[in-house]
Structure formats: structure tokens, C-alpha cells
Amino acid sequence: DGGITQSPKYLFRKEGQNVTLSCEQNLNHDAMYWYRQDPGQGLRLIYYSQIVNDFQKGDIAEGYSVSREKKESFPLTVTSAQKNPTAFYLCASSPTSREAFLETQYFGPGTRLLVL
Amino acid sequence: AQKVTQAQTEISVVEKEDVTLDCVYETRDTTYYLFWYKQPPSGELVFLIRRNSFDEQNEISGRYSWNFQKSTSSFNFTITASQVVDSAVYFCALSSPDTGRRALTFGSGTRLQVQP
């Protein structure tokens, strides 16, 4: 089945530790995104990538890092510099097209990060 | 800057009632795209609809209908004859790919509870 997978479903971080959230898609989409969701709030953009080996900061990139070495994969690292990492993290992907109205983002099941 | 406002934090209805979820947006772009997503308790965002700014036709899909009015910058979502399975958080979102904002700007969401 085509889709977006995120792992793990739950992740626990200790103080001062870096952790990496996985996002994989087999939809052959060029663009991938990471969003953060806090309780009772909408999603906010952390990072996005329109193409392999290129990515851009979103609205709340501080304390996070990403890589895009393969089209299918867009891992997110939550570094120790992120002082309030407890949140629900959602990965999305979309095709990119000369016809921008064709670009709809589809989301993975999410990873819930908790601080011990 | 773009902004999406969902003023209704939580709505509770009894099964078979009709319910409308409001969405008001702000953008300076002339071309933009509006979306509705459903987030069930599992957490994954499910795409419902995309509407382009140059197409003000309302849309109906089964029990779901959407009313897009550029004059009031609103993109409201109505569920007819609500069912318990409609219980979820619903997000309205906005993007402007033509001016570089491919990522989604989300509202804070409306939690819909449908009581049996």
C-alpha cells in the first residue's frame, strides 16, 4: 500500500538527549514536511523539503534538524537545544507540480514525543 | 502573513443534527488554496477537500458540504445528519504555492463531539 509511515509511535527523551523521528513515504512525492502539534492547537511548520538534498526552515525550526538524502525519507532530529519538545509530530508529503493546485499534503500517523 | 481562524473551539451536537464549522482566513495573495482535514482520536490527519481561490463553487460530498465565500474570506464546512463517527478535530488550512508558501498554515481546530 502507498502511504506515509512514521516511527516510533511513542518516543521518550531524556534531558540533554538528541532523538530522531523517522518519516518514510512511498508515494513518489517530491516534497516532504514536518509539523508540530501542541495540545489544543493547530499544526506549526518545523522544516520542509521540496527536493532531495535541499530543505528549508519553517516557522519553528530552532532546536530541530533534518536531512533529505533520499526522496523517500525525511528524518527529524530533536536536539537538546529544543527546551520544550513534548508534542505530537506529524510528517506530510505532497507532489510538486507546475500546476500548484494539484499539490495536496498527505499526512503520516504521527509520533508522540515525551520528555522523561 | 497568512492566518486562519477557527473561532469555535468545541462543538457538541446530538446525532442526526446538522453542524457547521466556521473558518475565516487572511492572505494578501490572489491565488491560494484552502483545505479541510479531519483528525480522529488516532491522530492522523485525513484530507477532506481542497478548494482553489479562483473557484468559488460550493461542493457537496455525501453528508459533507463546503461554502467558500471570497467576499467574507470564509470557507465553512457543514456536516448534515451528523453521526458519532464524525467526532474528531477538524482543521482548516491555507497555502499559497505560487508565492512560495507551499506549506500549510493551520487554524487551531474545532473539536466536534457527536453524542448518540
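Refer to the structure printed above.
Nothing here was measured: the structure is a model prediction, and the numbers come from that model.

About the thresholds
- Residues numbered from 1 in each chain as written.
- Chains lettered and ligands numbered in written order.
- Predicted model: local features only at pLDDT ≥ 70, side-chain atom pairs only at ≥ 80, totals over all residues.
- Heavy atoms only, no water.
- Salt bridge = Lys/Arg side-chain N within 4 Å of Asp/Glu carboxyl O.
- Helix = DSSP H or I, 4+ residues; strand = E, 2+ residues; numbered from the N terminus.
- Buried < 20%, exposed > 50% of the residue type's maximum accessible area, 1.4 Å probe, protein only.
- Contact = heavy atoms within 4.5 Å.
- Buried area = accessible area lost by both parts, 1.4 Å probe.
- Polar contact = N/O pair within 3.5 Å; in protein donor to acceptor, adjacent residues only side chain to side chain.
- Nonpolar A, V, L, I, M, F, W, Y, C, P; charged D, E, K, R; others polar.
- Phe/Tyr/Trp six-rings, centres within 6.5 Å; stacked < 30°, edge-to-face > 60°.
- Lys NZ or Arg CZ within 6 Å of the ring centre and 35° of its normal.
- Disulfide = S-S within 2.5 Å.
- Pairing = 2+ DSSP bridges.
- Axes fitted to C-alpha atoms, helices over the stretch in contact; angles between N-to-C directions.

*Asks:* Please clarify how the pattern of salt bridges should be interpreted in this entry.
*Replies:* Opposite charge on two side chains lets them pair, provided their charged atoms get close. Residues and elements named next belong to chain A. Under the definition given, this model contains six salt bridges over all chains. With a shortest N-O distance of 3.4 Å, Lys71 and Asp30 are connected by a salt bridge. Remark: Asp30 occurs in the loop between strand E3 (19-25) and strand E4 (31-37) and Lys71 occurs in the loop between strand E7 (64-66) and strand E8 (76-78); sequence separation between them is 41 residues. Among the residues examined, Lys71 registers a relative accessible area of 24% and is labelled partly exposed. Members of the salt-bridge network, linked through shared partners, are Arg36, Asp38 and Arg44.

*Asks:* Would you mind showing me how to read the interface of chain B and chain A here?
*Replies:* Often the size quoted for an interface is simply the accessible area lost on bringing the parts together. On the side of chain A, 24 residues touch chain B, which itself brings 21 residues to the contact. Note on chain B versus chain A: buried area summed over both sides is about 1,800 Å², and carbon and sulfur give 54% of it. Area buried by chain B at its contact with chain A is led by Arg50(B), Arg102(B) and Phe106(B), which between them contribute 28% of it. Where chain B packs against chain A, one counts zero salt bridges. Between chain B and chain A we count four residue pairs in polar contact (both at pLDDT 80 or more) in total. Looking at the side of chain B that touches chain A, the elements with two or more residues in it are strand E5 (33-39), strand E6 (46-52) and strand E11 (101-106) of chain B. Of the residues forming the side of chain B that touches chain A, the biggest block, five residues, is contributed by E11(B). The class makeup of the residues in the side of chain B that touches chain A is ten nonpolar, six polar and five charged.

*Asks:* What is the right way to look at the packing of aromatic side chains in this model?
*Replies:* For any pair of aromatic rings, geometry is given as the distance between the ring centres together with the angle between the planes. Following the criterion strictly, the structure yields 22 aromatic pairs over all chains and no others. Between Tyr64(B) and Phe77(B) the ring centres are 5.2 Å apart and the planes differ by 90°, which places this aromatic pair in the edge-to-face class. Taken together, the positions of Tyr64(B) in strand E8 (residues 64-69) and Phe77(B) in strand E9 (residues 74-79) put the pair 13 residues apart, joining distant regions of the chain. Considered together, Tyr64(B) and Phe77(B) belong to a single accessibility category, that of buried residues. Ring-pair connections join several aromatic residues into one group, and the members of that group are Tyr33(A), Tyr35(A), Tyr48(A), Tyr106(A), Phe107(A), Phe35(B), Tyr37(B), Phe47(B), Phe91(B) and Phe106(B). In this arrangement the basic side chain of Arg68(A) is found over the ring face of Phe74(A), its NZ or CZ atom lying 6.0 Å from the centre.

*Asks:* I tried to follow the state of the cysteines on my own but got confused; where do I start?
*Replies:* What is meant by a disulfide is a covalent connection between two cysteines, made through their sulfur atoms. Residues and elements named next belong to chain B. What the rule picks out here adds up to two disulfides over all chains. A sulfur-sulfur separation of 2.0 Å characterises the disulfide bridge that pairs Cys23 with Cys92. Its S-S torsion of about -65° marks the bond between Cys23 and Cys92 as left-handed, since a negative value means left-handed. On the criterion of sequence distance, the pair formed by Cys23 in the loop between strand E3 (19-21) and strand E4 (24-26) and Cys92 in strand E10 (residues 88-96) is long-range, its members being 69 residues apart.

*Asks:* What am I meant to see in the sheet that holds E8(A) here?
*Replies:* Hydrogen bonds between backbone atoms are what pair the strands of a sheet, whose relative direction is either parallel or antiparallel. Residues and elements named next belong to chain A. Read across the open sheet, the four strands follow the order E1-E3-E8-E7; overall the sheet is antiparallel. The sheet is open, and its two edges are formed by strand E1 (4-7) and E7, each paired on a single side. Pairwise comparison of adjacent strand axes, ignoring direction, gives a mean angle of 20° for this sheet. Pairing analysis gives four bridges linking E1 to E3, with the strands arranged antiparallel. Opposite Gln6, over in E3, you have Cys23 as the bridge partner.

*Asks:* Whenever I open this one, the side chain of Thr79(A) confuses me. Can you help?
*Replies:* Residue and element names in this part refer to chain A. Counting through the fold element by element, Thr79 comes out in the loop between E8 and strand E9 (87-94). Residue classification places Thr79 among the buried positions, given a relative accessible area of 18%. When near neighbours in sequence (up to four residues on either side) are disregarded, Thr79 contacts Arg13, Gln17, Asn18, Gly63, Tyr64 and Ser65.

*Asks:* What am I meant to see in unusual backbone geometry here?
*Replies:* A negative phi holds for most residues other than glycine; trans holds for most peptide bonds. For the peptide bond that leads from Ser7(A) to Pro8(A), omega is -10°, which places it in the cis range. Locating Pro8(A) in the fold gives a position in the loop between E1 and strand E2 (10-13). Even without being a glycine, Asn28(A) presents a positive backbone phi close to 60°. Relative to the helices and strands, Asn28(A) resides in the loop between E3 and E4. Although it is not a glycine, Ala81(B) adopts a positive phi angle of roughly 50°. Assignment of secondary structure puts Ala81(B) in the loop between E9 and E10.

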